[in-house]
Protein chains: 2
Amino acid sequence: MNAHHPTLTRLKDILGPKGWTQDPELIAPHLIEWRDRWSGTTPIMVSPAKVAEAQAIMALCNDAGIAVTTQGGNTGLVGAQIPKGEVLISTKRMTAIRTIDPVDDSLIAEAGAVLTRVQDAAREAGKRFPLSLASEGSATIGGLISTNAGGVHVRRHGMMRALVLGLEAVMPDGSLYEGLSSLRKDNTGYDLKQLFIGAEGTLGLVTAASLKLVARPRHMAVAMLALETPEQAVELLHRLEEETGAIAAFEVMNRTGVDLALKNIPNARDPFADKAPWLALVEFESASADLADQAEEALAGALEAGLARDALVAQNESQTKSFWYLREEMSACQKPEGVAAKHDVSVPVSKVPAFLRDADAAANKVAPGCRIVAFGHCSDGNIHYDVLQPSAMSGDAYRAILPAMNEAIHDVAMSYDGSISAEHGIGISRRDEFIRREPPAHLSVMRAIKGVIDPKGIMNPRVLL
Amino acid sequence: MNAHHPTLTRLKDILGPKGWTQDPELIAPHLIEWRDRWSGTTPIMVSPAKVAEAQAIMALCNDAGIAVTTQGGNTGLVGAQIPKGEVLISTKRMTAIRTIDPVDDSLIAEAGAVLTRVQDAAREAGKRFPLSLASEGSATIGGLISTNAGGVHVRRHGMMRALVLGLEAVMPDGSLYEGLSSLRKDNTGYDLKQLFIGAEGTLGLVTAASLKLVARPRHMAVAMLALETPEQAVELLHRLEEETGAIAAFEVMNRTGVDLALKNIPNARDPFADKAPWLALVEFESASADLADQAEEALAGALEAGLARDALVAQNESQTKSFWYLREEMSACQKPEGVAAKHDVSVPVSKVPAFLRDADAAANKVAPGCRIVAFGHCSDGNIHYDVLQPSAMSGDAYRAILPAMNEAIHDVAMSYDGSISAEHGIGISRRDEFIRREPPAHLSVMRAIKGVIDPKGIMNPRVLL
């Protein structure tokens, strides 16, 4: 589209000088994804400050048949937020926390509010917003809703879907879906908000959401365990859950990942000396002052039962941070090692060990000598399974076999009734594969829904469907 | 439709003699609702035993443009399950629990499986299915999904929507939606199962579901509290939640309800002598052996803070049952008292006291001297607000003003951004009001979705939309 298209001129008039830019330098950071996997183009970036402005943008674009791409904190991992010639709508000026009510356990935040700010606001009100993930310092509420974000507390508190009480969204034609309810129960008709959650911006522009808060846990404890096998992890998860009722997170990391963190990440520490094949990070939360004792006791029992080589309960805040730091650097630690084939798969929890075994074999068949970093949310069967180029292979040579690697790993996940995208979404990067693997009957229902809600197909085209 | 319609003959051929009946005596119990509010008619009741039979039924009916009504345990409270001339599809022969996996924390049950059977199967596997409601001995999984059932454990464990990992449903054209996943995380496209949940059978016939299990709580405690005001209930809820982290249910009952139970229900007991205006029933669950002590301590603190007149922790199984019995009879105890205007409203939790105050005033304006039984799920802002005919008024006279009473109570709920159906659904009984009150934009999206999924409009017509 021409940068002087009459619709763009009208957009500028509506938004005023603070609401748009065509300055390449200002736009640039919004056109690249943080892992440098996608870069895009746009004739204009618009940043509505009010819902009415967002409505006006959509109405104008819809009338003119001009496509848009929506962007929150630009932390998405599947390219859905990067425009390829579409008008780029950024929510960065819609950041208000409109209300917070500790008695209703609800908080209404605008789409551009960053997750840590929402967490902080909840904490200041004596409550907690339990969603937590690595990009929480940049990720925004609108993006987290549009991807149905997961993170480390899903088993206990659910994904974003479970934490949205209501939402407000601009429909493709500029009309407003007004559903900012703070009700915990409402069975009046189809639950339309469910459509927007996880739709990757293809059905409307989320402008605000009513979020569910929970009571703050009075006590927390974090432990690291040294394990022999993933089978132990699965058994431990259930044992500790039953014995303590207090599991908030149960994450795993394989040896290769830990070793790369020790090599590439300053201050990363393996708390154990004997290089265990797997580490598990377990977070407990409870209102009970006895939590630390309960956790210690449960861990001692697990050691005695032969379910772990060793276990350490963090003795202070700094040790807690050190345990989490190791886990959180599992992605960054791969960067200096070259090209990685990254996968965000899930399988039923019981199938995690079998998936890992088969995926290791499949990966080594495609690229003998590859280095596998497997880590993530064992408690949800969600493994981030990253396959790094063999040391003896060039990056370019490995890049050429990435499609075969993705196919192989996803085949293994599907063989266990798994998913090729547990929490990151489909976006651009998994679109072709999604369309190939998804049952045609499901796709046609999705397309029919997209068709009636966005008949001109202007919302995040190229994404998902 | 003629009872000898050629499509019916083909249905009989497909299903065989066990799969259908036109015997009025056998059909009769399926045509009346347990509160005798609706009665219906049908040319035939079909009971598929297999998914393929259910598909054949739908394909035949869709081809011939014959409408169907689906029925599970016939415990619905809004008339959605009662046919008015449609073919009646009962799920009573599809009752298998297909699989149960305690490591995945999942269980696959067919639509006709009764809730208590699912609860029992989970328990036998060392797990728990936490949905619990008064009709659990009859209500079926398919019906519970189609109404997005709630009950007493919603605050801790969520409504049915939060407990469905995946589902299988026959689409209106007889094709099968195959989504029986046991994954806890799957972000591949729109989450289509959300559409069927709470759709009251208008989008498809749910035939089976993969349900989420949780760890069994090792310890439980139940307390009854005598309260002065609903404000105390709301404050208590938050205080106990924060102090114990163990609240599983927090239910309230007003004095009129308790008195009617004492009058009309054999063996109902108020554990307190001094006729408190409100009772609260609190259930705690925890893995901690100290639960009873923690609950006692938290309750003692609440008494000291003036948040309750009195509190009793059940000392044994029989006392626990007696506390719950009183709560569960809050609906039945009204029956001998004549005509009742029943409401299943929700408001934000903080607004429960204001709703009760305003609703009492509104009800007394419509029918001076009416008797109000208010009870239910205070922890979700979901109050069952039932207004009984004044003792001095005839049932017929009261019946004539029921519409005005419903309108008045629902107006109050809406004035607090509430819902006219928190957990029972819309069905037939709330349809006109729903369509009048729901924003037209929401209705048109719902109708568009209905239109693309059920273009001939044969699934539960007359219901919801």
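For clarity, every value in this text was computed on a predicted model and none was experimentally measured.

Enquirer: What is the right way to look at the packing of helix α13 (residues 352–366) of chain A against helix α15 (residues 402–415) of chain A in this model?
Expert: Residues and elements named next belong to chain A. At a minimum axis distance of 9 Å, the contact between α13 and α15 shows a crossing angle of 160 degrees. Considered as vectors, α13 and α15 are oriented roughly antiparallel to each other. For the pair α13 and α15, the sense of crossing is right-handed. Contacts between α13 and α15 involve Phe355, Asp358, Ala359, Ala362, Ala363 and Val366 from the former and Ala404, Met405, Ala408, Ile409, Val412 and Ala413 from the latter. Residues belonging to the contact of α13 with α15 are distributed by class as follows: 11 nonpolar, no polar and one charged.

Enquirer: It is not clear to me how the environment of Pro353(B) should be interpreted in this structure. Could you clarify?
Expert: All names here are of chain B. Here proline 353 shows up in helix α13 (residues 352–366). Since its relative accessible area comes to 9%, proline 353 is described here as buried. Along the backbone, proline 353 and threonine 229 are 124 residues apart, and their C-alpha atoms lie at a distance of 8.0 Å. For proline 353, the residues in contact, after removing those within four places along its chain, are Pro230, Glu231 and Val234.

Enquirer: Is there a simple way to think about the relation of the copies chain A and chain B in this case?
Expert: Here the second copy of the chain follows from the first by a rotation about an axis and a shift along it. Rotating chain A by 180 degrees about the axis while translating it 0.0 Å along that axis superimposes it on chain B, leaving an RMSD of 0.0 Å. In symmetry terms, the pair is related by a two-fold rotation axis. Of the interface residues in chain A, 100% have counterparts in chain B that sit at the interface too, so the contact is made through matching surfaces.

Enquirer: Sorry, what's going on with the interface of chain A and chain B here?
Expert: You'll often see interface size given as the accessible area lost when the parts meet. The interface of chain A with chain B comprises 79 residues on the first partner and 79 residues on the second. For the pair chain A and chain B, the summed buried surface comes to about 5900 Å²; carbon and sulfur atoms form 58% of the total. Considering only the surface of chain A that becomes buried against chain B, Lys185(A), Asn187(A) and Tyr190(A) emerge as the three largest contributors, covering 18% of it. Here chain A and chain B share 10 salt bridges between them. A salt bridge links Arg155(A) to Asp105(B); the nearest nitrogen and oxygen atoms lie 2.6 Å apart. In this assembly, chain A and chain B are joined by 37 residue pairs in polar contact (both at pLDDT 80 or more). Here the side of chain A that touches chain B is built from residues that sort into 30 nonpolar, 26 polar and 23 charged.

Calculation notes
- Residues numbered from 1 in each chain as written.
- Chains lettered and ligands numbered in written order.
- Predicted model: local features only at pLDDT ≥ 70, side-chain atom pairs only at ≥ 80, totals over all residues.
- Heavy atoms only, no water.
- Axes fitted to C-alpha atoms, helices over the stretch in contact; angles between N-to-C directions.
- Helix = DSSP H or I, 4+ residues; strand = E, 2+ residues; numbered from the N terminus.
- Parallel < 35°, antiparallel > 145°, perpendicular 65-115°, else oblique.
- Left-handed = near helix turned anticlockwise from the far one by under 90°.
- Contact = heavy atoms within 4.5 Å.
- Nonpolar A, V, L, I, M, F, W, Y, C, P; charged D, E, K, R; others polar.
- Buried < 20%, exposed > 50% of the residue type's maximum accessible area, 1.4 Å probe, protein only.
- Least-squares fit on C-alpha atoms with pLDDT ≥ 70 in both.
- Buried area = accessible area lost by both parts, 1.4 Å probe.
- Salt bridge = Lys/Arg side-chain N within 4 Å of Asp/Glu carboxyl O.
- Polar contact = N/O pair within 3.5 Å; in protein donor to acceptor, adjacent residues only side chain to side chain.

Treat this as a map of the structure, not an account of what it does.
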